[in-house]
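# Descriptive analysis of the structure
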Amino acid sequence: MAEDDDFGAPIIAELYKPPALLPIAQLKESLLYAIETFPVTIIVGETGSGKTTQIPQYLFKTGWTNDGSQIAVTQPRRIAATSVSARVAEELGCQLGQEVGYSIRFEDVTSERTKIKFLTDGLLLREMLVDPLLKRYSVVMVDEAHERSLSSDILLSLLKKVLRARPDLRVVVSSATLDAEKFLDFFAPDDGETINNKTKEEFGTIVSIEGRTHPVDIFYLSSSTNNYIEKAVETVMNIHTSETDGDILLFVTGREEIDDTIDMIADRIVDLPHGSKSLQPLPLYAGLPTDQQMYVFQKAGANVRKLIVATNIAEASVTIDGIIYVVDTGYVKLRAYDPALGIERLNVVPVSKASATQRAGRAGRTRPGKCYRLYTEAAFEALESATFPEIQRSNLAPVVLQLMNLGIQNLVRFDYLSNPPSALVVRALDLLFSLGAVDVHGRLTKPLGTRMAELPLEPMLARTLLNAPTFGCLSEMLSISAMMTLQGTAFVTHDGNQKLLEKARRRFAVKEGDHITLYNVFQAFTNPAVGKQSSQWCRENSLNYKALLKAVSVRKQLRNYLDRMGIQENSLASSDAIRVGGMSMAERVQRCLTTGFFAHAARMKSDGSFVTVGGETVLWAHPSSIFFHRKADWVIYHEIQETKGKVYIRDLTTIEMDWLTEYAPEYYKVKQK
Ligand SMILES: Nc1ncnc2c1ncn2[C@@H]1O[C@H](COP(=O)(O)OP(=O)(O)OP(=O)(O)O)[C@@H](O)[C@H]1O
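Note that residues are indexed from 1 along each chain, following the sequence as it is written. Only residues with pLDDT of 70 or above have their local features reported here, since the model is predicted, and side-chain atom pairs are shown and tallied only from 80 upward, although totals for entire chains, interfaces and linings are computed over all residues.

### As for the overall build of the chain
Put simply, DSSP H or I for four residues or longer makes a helix, DSSP E for two residues or longer makes a strand, and each gets a number counted from the N terminus. Summing up its helical and strand segments, the chain has 25 helices and 21 strands in all. Its C-alpha atoms give the chain a radius of gyration of 26 Å, near enough to 26 Å, the size a compact globule of 673 residues would have. Principal axes of the C-alpha set define a box for the chain whose edges measure 75 × 70 × 45 Å. Across the 673 residues in the chain, those meeting the buried criterion constitute 47%. Our contact criterion uses C-beta atoms placed from the backbone: two residues qualify when those atoms are within 7 Å. Restricting the contact set of the chain to residue pairs at least 6 apart, pairs at least 24 apart contribute 74%. Computation of the radius of gyration draws on C-alpha atoms, with the globule rule given as 2.2 Å multiplied by the number of residues to the power 0.38. Residue burial is a threshold on neighbouring C-beta atoms within 10 Å of the residue's own C-beta, all placed from the backbone, with 20 or more meaning buried, 12 or fewer meaning exposed, and counts in between meaning partly exposed.

### Some points on the domain arrangement of the chain
These domain boundaries are the output of an automatic or database domain assignment. Taken domain by domain, the chain comprises domain 1 (2–209), domain 2 (216–390) and domain 3 (455–668). Here the C-alpha centroids of domain 2 and domain 3 sit 34 Å apart. Opposite the nine residues of domain 2 that make contact, domain 3 presents 15 residues. Per-element tally for the side of domain 2 that touches domain 3: the top contributor is strand β15 (residues 343–350), with four residues.

### Here we look at the site of the ligand
We call a residue near a molecule or strand if the C-beta atom, set from the backbone, is within 6 Å of it. Taken together, the neighbourhood of the ligand is formed by 21 residues, with T47, G48, T52, T53 and T319 sitting nearest. The residue makeup of the shell around the ligand, split by class, is four nonpolar, 13 polar and four charged. In terms of domain composition, the shell around the ligand takes at least three residues from each of domain 1 (2–209) and domain 2 (216–390). When residues are grouped by polarity, Ala, Val, Leu, Ile, Met, Phe, Trp, Tyr, Cys and Pro land in nonpolar, Asp, Glu, Lys and Arg in charged, and all others, Gly among them, in polar.

### Focus on the sheet that holds strand β16 (residues 369–373)
When DSSP finds two or more bridges between two strands, those strands count as paired. If you walk across this open sheet you meet the six strands as β9-β16-β13-β10-β12-β11, and the pairing is parallel. Two strands in the sheet have a free side with no partner beyond their single neighbour: β9 (216–220) and β11 (278–284). On average, each strand axis in the sheet is inclined to that of its neighbour by 20 degrees, with strand direction left out of account. Here strand β10 (residues 247–251) runs beside strand β12 (residues 304–310); their pairing, made up of four bridges, is parallel. Residue pairing for β12: L250 is matched across the bridge by V309. Geometry is summarised by axes, namely lines fitted to C-alpha atoms with helices restricted to the contacting stretch, and by angles between N-to-C directions that run from 0 to 180 degrees.

### Considerations on the packing of helix α13 (residues 397–405) against helix α14 (residues 422–434)
At their nearest, the axes of α13 and α14 sit 9 Å apart, and the two run at 75 degrees to each other. When the axes of α13 and α14 are compared, the pair comes out roughly perpendicular. Contacts from A397, V400 and L401 in α13 reach V425, A428, L429, L431 and L432 in α14. Of the residues contributing to the contact of α13 with α14, the split by class is eight nonpolar, no polar and no charged. Between 65 and 115 degrees an angle is taken as roughly perpendicular, under 35 as roughly parallel, over 145 as roughly antiparallel, and anywhere else as oblique.

### Digging into helix α21 (residues 545–564)
A turn of α-helix holds 3.6 residues, and therefore any two residues three or four places apart point the same way. One fewer than the residue count of a helix, multiplied by 1.5 Å, yields its expected span. The end-to-end C-alpha distance of α21 is 29 Å, a good match for the 28 Å that 20 residues give at a rise of 1.5 Å each. Check the buried side of α21 and you find it contacts α17 (474–484), α19 (514–526) and α20 (535–540). Of the residues one or two after α21, G566 is the one with positive phi, at around 80 degrees.

### Looking at unusual backbone geometry
The omega angle of the peptide bond from K446 to P447 is 0 degrees, so this bond is cis rather than trans. By the element assignment, P447 lies in the loop between α14 and α15 (448–454). The backbone of L134 sits at a positive phi, close to 50 degrees, despite the residue not being glycine. The topology assignment puts L134 in the loop between α4 (121–130) and β6 (137–142). The residue N197 is not glycine, and still its phi comes out positive at about 70 degrees. Mapped onto the secondary structure, N197 falls in the loop between α6 (180–187) and α7 (200–203). Exposure remark for N197: the 7 C-beta atoms within 10 Å place this residue in the exposed category.

### Quick notes on the sheet that holds β6
Across the sheet, which stays open at both edges, the eight strands sit in the order β4-β3-β5-β2-β6-β7-β1-β8 with mixed pairing between neighbours. Each end of this open sheet is capped by a strand with a single partner; those strands are β4 (107–109) and β8 (204–209). Each neighbouring strand pair of the sheet contributes to a mean axis angle of 20 degrees, computed without reference to strand direction. With five bridges connecting them, strand β2 (residues 70–75) and strand β5 (residues 116–120) associate as parallel partners.

### Observations regarding the nonpolar core
Soluble globular proteins tend to bury their nonpolar side chains together. By definition, a nonpolar core groups buried Ala, Val, Leu, Ile, Met, Phe, Trp, Tyr and Cys residues that are joined through C-beta atoms within 7 Å. With 185 residues, the main nonpolar core has L250, I308, M483 and V635 as its most contacted residues. With residues near it in sequence (within four places) discarded, V635 still touches G513, A602, M604, F610, F627, L652, T653, T654 and I655.

### A look at the environment of A300
Residue placement: A300 occurs in the loop between α10 (290–293) and β12. It is 38 Å that separates the C-alpha atoms of A300 and I42, two residues lying 258 residues apart in sequence.

### Looking at the packing of helix α16 (residues 459–471) against helix α23 (residues 585–597)
Where α16 meets α23, the closest approach of the two axes is 8 Å, and the angle between their N-to-C directions is 140 degrees. Put simply, α16 runs oblique to α23. The interaxial crossing formed by α16 with α23 has right-handed handedness. Of the residues in α23, those in contact with M460, L461, R463, T464, N467, A468 and F471 of α16 are R588, R591, C592, L593, T595, G596 and F597. Here the residues of the contact of α16 with α23 sort into seven nonpolar, four polar and three charged. Put simply, a crossing is left-handed when the front helix is turned counterclockwise from the back one by less than a right angle, and right-handed when it is turned clockwise.

### Looking at the pairing of strand β7 (residues 170–175)
Among the six residues of β7, six are classified as buried, and the element is accordingly described as predominantly covered. Note that β6 and β7 share four bridges and pair parallel. Among the inter-strand pairings, V139 is bridged to a residue of β7, identified as R170. Running through helix α5 (residues 150–165), the crossover from β6 to the neighbouring parallel element β7 is right-handed. By convention, a crossover is right-handed whenever its connection, traced from the first strand over the helix to the second and viewed with the strands pointing away, goes clockwise.

Structure representation (structure tokens):
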């Protein structure tokens, strides 16, 4: 970069290692010995040392799957599971889905032959519902455990139980920080006690891997900035104009910042001298459909430098070949659930040291790299060492439901790695009780509660879907539920034309709201006389072809779940037929949604904002909702999130106020005369 920038001299210059020899290779034998000998092995290693890609292969090659069992490797994020499995398949010379595969929610790329399976930690939890002792696995590796995702924390607790019943199981926990002792202590028996005849010392060990593949030079700002996006754009442009070849990975906090940054970069690109190398910005965030996330892995064309603008989903386990430069704004958007108001807040906070290290580690994986931290070295030193565990700041209803279905009744005495605040557990139980999943004694109801736990949907939506047969709208709710799992990605701008998108949305919109609007999209897409499931039709209607295909597949999978539960698509009992017979299909869907989402009710005020039932919170329709412009009275909403001090609700449907007391009398505590 030019001399006159604000960065000081590089701080860390690490030793170069030839690419073929990953640091982990030197420890192969001792690692395999540890896994053979101890039920639990904690691996601590530099990012890029080869933990994720190599350990499963070592285990596979030394026979850990010879008896027909598999090796599971969990990841906190889908993109890591899919991309790392592709890499390992390539290294082993097999087709993805054969010996090496992956499994994420609604997408299973494995086969009878699969020996190494990458999956999200949440999905392995789901597998425990049908296979509580995880019998199909000889080794379970929990990767990136230091990130303390909700599912990986719960998984570690459950693995601790499973290990007691399965002395043959091996658990490998990989962590990038020095939390190793904490993880080891968690698993090991107390002093003087034994588990399966093993003492604390015999139960687990820590293996540390020194060194990394390539050096990464780290630069800090010499003085702090108060506009990190502007600084990021400036840094990216400086790299682009004055540094040698190599792609750039920029970390920002969320989709809005990604869009803003890409717009700002686009403005600067036009000022570049004619004929100079071009810069191709690519977004990467969790809400982006999987296939679009995969664009970032494609090689840039000749004379093109890729700029990937990402949230922290690109932070761990992902290797994007060609990334030489990392620009780290030093911030992340973290979820924090407010149990009193039932609102999820998205707070922009400084990253932890562990995160910053992981981010820097995205460079230097396939070549030496550079990382520009848009904060001072003193600010880095002042960062928290690790991220605040998700279990202490999340809506726990989905996970509580799953734990109960696994037979864990006493959630207070459950062996957590870090205890969740009791207010979060109480809120989760309250919600599950009002949804009918839990009875007054705090036990899971049968069959409703168990069925809700089995469906791969969050509890409110699961309840709605399971109620649909009594309203004679199961077919419609299956499509709506499938569309909801797309999380707002059904509509897209082609060529960035927002006006066309709005026009398309209006084409499908109905006065009842967003759910039935999405239903109309699904119907039109699958109608052989209209959308014909064609990409051309999607393009003409600002719709996301791949996402809609996914919805078709998700609907089929949900259908299969219901089939297994013996729930038929058009089975309206005669008593229900009398009750709902005279209603329009729209009204049945509206009522059915109320039975699941009554806790998410709000009323529009004259200024277009909404208030919650208790009147304590002001809410705003998200711009993607048809009620961003239109009037409504009472509504239920699917999602609620606070961003930058404003609370947005997504996916709204109008309802009648009376339905709230009709379908949730307990929740709204109506005094009967
Ligand atoms: N898709 C890929 N293309 C090229 N090289 C790759 C790819 N994936 C991995 N590698 C190489 O393998 C090395 C080890 O990657 P791996 O993901 O196993 O490391 P790790 O120790 O698990 O690191 P982290 O915890 O940061 O994910 C990388 O540094 C890189 O050199």
